[in-house]
Amino acid sequence: MTFGKKAKLFLSRIPLWTQLALFTTLITFSVFFYLIYTSYQRSLQVITKTETETSCRMLSLEMQELETYIQELSLFCVQGCYDPAFNHIVEKTGPFQPGEEAYLKNRMRTWFYSRNDLKGFDFYLFNHSLRFHRTQNGTRTLPFSLPELTDSVPYRQCTRSNSFHAILPAENESDVLFRYCHFLLQIRTRQPIALVDLTID
């Protein structure tokens, strides 16, 4: 006997009202589970869409904050250009006059402690081939080779940038977030005469 015949035989032994009740119950449960499933799917779509929109808004805010932060670093790097005495020392090609080197160090010290996110502050004077390296321990004056500097990553990245700055990854320092470098330009020639290299922690 086939399955269909067995089913018909089984149903013929069940009263009609029982069959109707079973059929109604089956339809009711089917509709009930369908409504639950569609409601779950709609809720899941709403939640996913809400989370995506929230994530996009958060990312947009973080990007705006990062852009503002980078703009602040840029202004920090070029503030020496608005100091006539500082700018004169940076642009000159002759040796330092008495007090000029001390003036540069004092200005760097003031600027260094005006922020709480700096681990290091390096200032390269191209016309003097000198690097002023400022940390919490003080300022050191170190000579450098201009040809070697022009071949360095910070110099090349700043040269390629239309804004004359670059954001670089930290070098083997776990407590450093990144490095930010910025050229100072000679106003008349628009040529770089100094490089500011900040280590951000």
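Residues numbered from 1 in each chain as written. Predicted model: local features only at pLDDT ≥ 70, side-chain atom pairs only at ≥ 80, totals over all residues. Heavy atoms only, no water.

> Mind showing me how you'd approach the packing of helix α3 (residues 84-91) against helix α4 (residues 100-112) here?
Axis angle and axis distance: for two packed helices, these are the angle between their axes and the distance between the axes, and together they describe the pair. Closest axis-to-axis distance for the α3/α4 pair is 10 Å, and the angle between their directions is 120°. In terms of orientation, α3 lies oblique with respect to α4. The crossing of α3 and α4 is left-handed. Between α3 and α4, the residues in contact are A85, F86, H88 and I89 and E100, Y103, L104, R107 and W111, respectively. Considered class by class, the residues forming the contact of α3 with α4 number six nonpolar, one polar and two charged. (Axes fitted to C-alpha atoms, helices over the stretch in contact; angles between N-to-C directions. Helix = DSSP H or I, 4+ residues; strand = E, 2+ residues; numbered from the N terminus. Parallel < 35°, antiparallel > 145°, perpendicular 65-115°, else oblique. Left-handed = near helix turned anticlockwise from the far one by under 90°. Contact = heavy atoms within 4.5 Å. Nonpolar A, V, L, I, M, F, W, Y, C, P; charged D, E, K, R; others polar.)

> I'm lost on the packing of aromatic side chains in this one. Help?
Both the distance between ring centres and the angle between the ring planes are used here to describe each pair of aromatic rings. Considering all chains together, one arrives at nine aromatic pairs under this definition. Centre to centre, the rings of F126 and Y155 are 5.8 Å apart; their planes meet at 45°, and the pair counts as tilted. Remark: Y155 occurs in helix α6 (residues 153-160) and F126 occurs in the loop between β1 (118-125) and β2 (130-135); sequence separation between them is 29 residues. For the pair F126 and Y155, one class covers both residues: buried. Ring pairing ties together the aromatic residues F86, W111 and F123, which thus form one cluster. In this structure, R115 is placed above the aromatic ring of F76, and the distance from its NZ or CZ to the ring centre is 5.6 Å. (Phe/Tyr/Trp six-rings, centres within 6.5 Å; stacked < 30°, edge-to-face > 60°. Buried < 20%, exposed > 50% of the residue type's maximum accessible area, 1.4 Å probe, protein only. Lys NZ or Arg CZ within 6 Å of the ring centre and 35° of its normal.)

> Looking at this structure, I do not really get the environment of D83. What am I missing?
In this fold, D83 is placed in the loop between α2 (16-78) and α3. Counting along the chain gives 24 residues from D83 to R107, while the straight-line C-alpha distance between them is 9.8 Å. When sequence neighbours within four positions are dropped, the list of residues in contact with D83 reads Y103 and R107. Within the structure, the side chain of D83 is placed 3.4 Å from the side chain of R107, a separation counted as a polar contact. (Polar contact = N/O pair within 3.5 Å; in protein donor to acceptor, adjacent residues only side chain to side chain.)

> I tried to follow the pattern of salt bridges on my own but got confused; where do I start?
Where charged atoms from two side chains of opposite charge approach closely, those side chains can pair. The full count for this structure, using the stated rule, is six salt bridges. Residues D83 and R107 are paired through a salt bridge, measuring 3.4 Å at the closest nitrogen-oxygen approach. With D83 in the loop between α2 and α3 and R107 in helix α4, the pair connects residues that are 24 residues apart, well separated along the chain. On the basis of relative accessibility, which here comes to 11%, the residue D83 falls in the buried class. For R115, the salt bridge is made with D117, and the minimal N-O distance between the two is 2.9 Å. D117 matches R115 in its accessibility class, with the two residues each being buried. (Salt bridge = Lys/Arg side-chain N within 4 Å of Asp/Glu carboxyl O.)

> I'm lost on α4 in this one. Help?
Three or four residues apart is the spacing at which side chains of an α-helix point the same way, because the helix has 3.6 residues per turn. Across its 13 residues, α4 extends 18 Å between first and last C-alpha, which sits within 8% of the 18 Å expected from 1.5 Å per residue. Listing the buried residues of α4 in full gives E100, L104, M108, W111 and F112. On an axial view of α4, the arc spanned by its buried residues comes to 115°, and they lie on one face. (Expected span 1.5 Å × (residues − 1). Arc of directions from axis to C-beta.)

> Before we go on, may I ask you to explain α3 in this structure?
Among the residues making up α3, those that are buried are F86, N87, I89 and V90. Buried residues of α3 fall within an arc of 160° about the axis and therefore sit on the same side. Looking at the buried positions of α3, the neighbouring elements they touch are α4, β1 and β6 (192-200). Its side-chain oxygen placed 3.1 Å from the backbone nitrogen of A85, D83 serves as the N-cap of α3.

> Just checking my understanding: could you explain the pairing of β6 for this structure?
Residues in a regular strand point their side chains to alternate faces of the sheet. Extensive coverage of β6 is indicated by the burial of eight of its nine residues. Bridge analysis of β1 against β6 gives seven bridges, and the strand direction is antiparallel. Note on β6: the bridge partner recorded for L125 is A194. Bridge count for strand β5 (residues 178-185) against β6 is eight bridges, and the pairing is antiparallel. When the bridges of β6 are listed, L185 appears paired with P192. In sequence, β5 turns back onto β6 through a hairpin of six residues, with R190 there showing a positive phi of about 60°. (Pairing = 2+ DSSP bridges.)

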